[in-house]
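# An overview of the molecular structure
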Amino acid sequence: MTPTTVPSVCPHDCPSTCALDVERLDARTIGRVRGRAGHPYTDGVVCAKVGRYAERVHHPDRLTQPLVRTGAKGEGRFEPVSWDEALDRVADAFKRAAERHGPQAVWPYYYAGTMGLVQRDGINRLRHALGYSRMKPTICVYAAKHAYVAGTGAYRGIDPREMAESDLIVFWGCNAASTQVQAMTHAVKARKARGARIIAIDPYRTATAGTADEHLALRPGTDGALACAVMHVLFAEGFADRDYLAKYTDVPEALEAHLATRTPAWAAAITGLSEDQITAFARAYGATKNAFLRLGYGFSRSRNGAVNMHAAACLPAVTGAWQHKGGGALFSNSGLYGLDTTLIEGLDRLDPAVRELDMSQIGRVLTGDAAALCGGPPVTAMLIQNTNPRVVAPELGLVHRGFARDDLFVCVHEQFMTDTAQWADVVLPATTFLEHDDIYQAGGHTFLQVARAVIEPLGEARSNHAVIRDLAARLGAEHPGFGLSAWEIIDRTLAASGRPGADAVLAAGGLDCAPPFEDAHYLNGFAHPDGRFHFAPDWAALGAAGDAMPALPDHYAAIESADADHPFRLIAAPAHQFLNSSFTETPTSVAKEGKPKLLLNQQDGAALGLRDGDRARIGNGRGSLVLDVMLRGGQQQGVVVVESIWPNDAFAEGVGINLLIGADPIPPTAGAAFHDTAVWVRAA
Ligand SMILES: Nc1nc2c(c(=O)[nH]1)N[C@H]1C(S)=C(S)[C@@H](COP(=O)(O)OP(=O)(O)OC[C@H]3O[C@@H](n4cnc5c(=O)[nH]c(N)nc54)[C@H](O)[C@@H]3O)O[C@H]1N2
Ligand SMILES: Nc1nc2c(c(=O)[nH]1)N[C@H]1C(S)=C(S)[C@@H](COP(=O)(O)OP(=O)(O)OC[C@H]3O[C@@H](n4cnc5c(=O)[nH]c(N)nc54)[C@H](O)[C@@H]3O)O[C@H]1N2
Ligand code: SF4
Ligand SMILES: [Mo]
């Protein structure tokens with residue numbers, strides 16, 4: 001076979017969902033991966049870690065055969081078996097669990113290792129067909145998503161390509177340069193082409209903040225205060241668009257009255273920014289009608305994150321920035337696509353009476369916490385695809401105890417022997433996106449894309465879809481989706497959603513689902529029944545905890561505040577070269593990241609007697625761990641950062657950073673507050 005270039009789509013859990021051109025050297029081998037040139041969003045750009053994907057897909061540590069455990073749990077001794085034997089074992093274990101405690105004792109568990117809808121969400125078809133426990137997908141976007149929608153009424157914002165027509169681009173709680181490279185590329189292009197100003201609002205000097213023209217390094221969990229003071233200035237200094245407010249928003253007078261006391265001085269005390277910084281930002285924002293707010297997932301990782309996200313999203317409704325090309329906000333465009341996923345997920349078989357376990361509370365679930373188990377039976381059997389909870393979940397101490405249970409049967413379907421796979425009873429080898437077909441909808445842009453396999457599966461690796469189908473057959477689960485190929489499912493899903501067929505979308509290189517300008521900018525009304533942006537969201541409708549939340553944007557002090565015993569606030573942000581726990585296996589990414597580090601403010605370092613390269617112990621009531629110190633500017637005193645998500649064995653005592661992170665739910669919905677942790681720090 002002569003080398004060719006084959007189109008594909010990056011499946012990783014990243015808003016960019018890049019259109020790719022993959023060099024195929026032969027039926028089993030790829031070369032370089034490039035961002036598709038000429039694609040309206042990807043525009044020939046790809047992140048470095050996926051550019052060198054050959055390192056991951058052809059990694060010598062890829063799993064190639066089904067394995068069953070021979071040693072004690074976690075010991076890492078396995079022996080290869082046939083697919084039939086491995087699948088029989090899993091089916092037998094699930095049947096036994098269901099016979100003993102009922103089907104809800106089985107908990108299929110997944111997240112977004114691939115964002116392809118068939119390979120990611122097909123596990124739900126098996127779940128619903130058999131009445132297994134449901135899973136609330138809270139670990140990532142959940143809290144912020146519902147908060148954004150509480151304001152706008154819909155899970156969509158402006159087209160990211162409009163950055164080209166914007167004069168001010170604000171990356172707020174969003175480290176785009178590391179986590180969604182094109183967003184940064186488009187912003188930098190706007191700076192070059194028209195002098196657009198870039199502002200980053202982030203508690204530490206990320207790659208994005210380093211590239212920005214200005215960095216507002218606020219204290220973590222204080223965005224609500226910042227947003228309120230900005231709106232105070234917007235109202236006080238004539239930047240509020242009163243006609244727009246009257247036409248498009250719910251309670252503008254009440255908001256203005258409420259903000260009277262939320263002055264820059266008030267917010268300065270909470271955020272640690274200066275009054276001048278806050279006022280200058282407010283004036284810059286108010287004076288720029290085509291200001292683009294790129295709101296990030298950082299909001300989703302604080303206990304007050306829903307209030308903060310909503311408060312930030314209020315800004316363009318005060319100035320009427322939404323009316324202008326390049327103006328408004330984008331958090332995610334995932335709500336654009338309107339796909340009917342009944343066939344993929346077996347939604348026609350979903351029984352709402354079945355308990356829904358919070359995935360972020362997996363530690364509590366597996367250690368028998370009655371509340372986390374919704375008062376139901378224990379979980380005694382799991383199938384895990386697309387996620388690595390023994391590294392990425394909060395309350396990692398509990399998670400590790402749970403996976404050590406001898407009465408818990410775990411099957412992990414994976415590409416690599418992850419920390420989670422290491423503790424499984426059966427490990428199944430999975431294909432990568434280059435070895436299977438799927439359909440992708442992007443949060444960070446507006447294209448629906450499909451991709452076919454580029455190369456043959458490695459060894460005996462099978463796709464998630466195939467494993468779900470094979471287990472369904474053994475377990476007697478019935479649903480039309482189990483009898484179809486992935487491509488057939490994609491085709492029928494598109495048809496059921498009123499879209500062109502799979503082959504047509506493939507031939508077109510994706511389908512642009514961007515709505516017309518008026519709809520994208522909510523000029524035909526916001527997506528609530530009253531057609532207005534809600535400054536006063538109905539938090540209680542989203543969850544009981546909503547009762548205690550502020551009625552209007554505010555500083556909501558419900559964070560894990562620093563105290564005398566825990567004087568530091570920890571942010572456990574993503575690392576540039578990794579993608580969650582993925583790419584922690586590829587040599588170049590690991591070499592570039594080095595090792596886990598504690599990023600510490602220079603004055604804090606001096607006060608603690610810690611210098612670069614020293615070892616520090618950090619901890620709280622959940623545990624403690626040792627890290628190498630790296631002194632830094634660009635973050636306030638009392639703020640520490642550990643970029644991750646490193647495997648457990650990258651840490652001296654064999655447990656990763658999430659040991660320190662809580663799993664109490666973010667009000668009003670749920671979610672894990674990964675960037676909201678109070679800790680102590682001392683020399684180790
Ligand atoms: N400290 C800290 N912890 C965090 C976060 C943080 O910022 N800080 N972020 C949180 C967030 S936002 C998220 S989304 C989670 C994500 O955490 P994870 O869900 O663990 O994330 P990934 O690394 O994307 O994917 C997990 C696994 O999916 C596997 N995989 C990929 N494709 C396939 C496939 O087709 N089939 C199968 N069977 N497996 C596949 C990969 O090999 C990888 O091991 O982590 C959370 N944890
Ligand atoms: N390289 C790389 N890319 C990734 C990932 C990765 O791990 N590595 N993970 C992927 C996934 S699953 C996701 S969900 C996205 C997440 O991508 P982003 O939207 O960038 O979200 P986070 O990285 O969680 O947080 C963004 C920033 O919020 C900051 N932050 C923390 N607390 C606060 C706060 O209270 N206020 C403000 N204003 N900022 C705060 C953090 O310091 C961080 O720099 O990235 C995806 N892309
Ligand atoms: S990880 Fe994100 S930026 Fe990198 S190729 Fe994939 S979608 Fe694009
Ligand atoms: Mo995420």
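Structure: above.
In what follows, the accompanying structure is described. (Residues numbered from 1 in each chain as written. Chains lettered and ligands numbered in written order. Predicted model: local features only at pLDDT ≥ 70, side-chain atom pairs only at ≥ 80, totals over all residues. Heavy atoms only, no water.)

### Quick notes on the packing of aromatic side chains
- Counted according to the given criterion, the structure contains 18 aromatic pairs.
- Here the aromatic rings of Phe94 and Phe409 are separated by 6.3 Å at their centres, their planes lie at 85°, and the arrangement is edge-to-face. With Phe94 in helix α3 (residues 83-101) and Phe409 in strand β15 (residues 409-414), the pair connects residues that are 315 residues apart, well separated along the chain. Here Phe94 matches Phe409 in class, with each residue buried.
- Each ring, one from Trp322 and one from Phe526, has its centre 6.0 Å from the other, and the planes form 80°; the classification is edge-to-face. Of this pair, Trp322 sits in the loop between α16 (315-319) and β12 (328-330) while Phe526 sits in the loop between α24 (517-520) and β20 (568-571); the two residues are 204 residues apart in sequence, bridging distant segments of the chain.
- Grouped by ring-pair contacts, the aromatic residues Tyr244, Tyr248, Trp322, Tyr522, Phe526, Phe533 and Phe535 constitute a single cluster.
- Over the face of the ring belonging to Phe583 we find Arg56, whose NZ or CZ atom lies 5.5 Å from the ring centre. (Phe/Tyr/Trp six-rings, centres within 6.5 Å; stacked < 30°, edge-to-face > 60°. Helix = DSSP H or I, 4+ residues; strand = E, 2+ residues; numbered from the N terminus. Buried < 20%, exposed > 50% of the residue type's maximum accessible area, 1.4 Å probe, protein only. Lys NZ or Arg CZ within 6 Å of the ring centre and 35° of its normal.)

### With respect to the layout of surface pockets
- The volume enclosed by the second largest pocket comes to roughly 290 Å³.
- Around the second largest pocket, the lining is made up of 18 residues, and of these His576, Glu593, Leu599, Arg632 and Glu643 lie nearest the centre.
- Going through the elements one at a time, α25 (587-593), β21 (597-601) and β23 (623-632) are the ones with two or more residues in the lining of the second largest pocket.
- Taken together, the residues of the lining of the second largest pocket sort by class into six nonpolar, five polar and seven charged. (1 Å grid on protein atoms, 1.4 Å probe; cavity = no way out; pocket = protein on both sides within 12 Å on 5 of 7 lines; lining within 4 Å. Points joined across faces, edges and corners; volume = space filled by probe spheres on them. Nonpolar A, V, L, I, M, F, W, Y, C, P; charged D, E, K, R; others polar.)

### Structural notes on the pattern of salt bridges
- Following the criterion strictly, the structure yields 33 salt bridges and no others.
- With a shortest N-O distance of 2.8 Å, Asp121 and Arg120 are connected by a salt bridge. The pair formed by Asp121 and Arg120 is uniform in burial state, with each residue classed as buried.
- Look at the salt bridges and you will find they share partners, linking Arg303, Glu560, Arg569, Arg622, Asp664 and Asp676 into a network. (Salt bridge = Lys/Arg side-chain N within 4 Å of Asp/Glu carboxyl O.)

### Brief notes about helix α8 (residues 181-194)
- For α8, which comprises 14 residues, the first-to-last C-alpha distance of 20 Å matches the rise-based estimate of 20 Å (1.5 Å per residue) to within 8%.
- Buried within α8 we find Gln182, Ala183, Met184, His186, Ala187 and Ala190. (Expected span 1.5 Å × (residues − 1).)

### Examining the packing of helix α10 (residues 223-236) against helix α14 (residues 275-287)
- Axis separation between α10 and α14 bottoms out at 9 Å; the angle between their running directions is 60°. Classed by the angle they form, the pair α10 and α14 counts as oblique. For the pair α10 and α14, the crossing hand works out as right-handed. Residues Leu226, Ala229, Val230, Val233 and Leu234 of α10 touch α14, and the partners they reach there are Ile278, Phe281, Ala282, Arg283, Tyr285 and Gly286. (Axes fitted to C-alpha atoms, helices over the stretch in contact; angles between N-to-C directions. Parallel < 35°, antiparallel > 145°, perpendicular 65-115°, else oblique. Left-handed = near helix turned anticlockwise from the far one by under 90°. Contact = heavy atoms within 4.5 Å.)

### Side note on the site of ligand 3
- Ligand 3 sits among Cys10, Cys14, Ser16, Thr17, Cys18, Val46, Cys47, Val50, Val181 and Leu579.
- Looking at the shell around ligand 3 residue by residue, the class counts come to eight nonpolar, two polar and no charged. (Near = heavy atom within 4 Å.)

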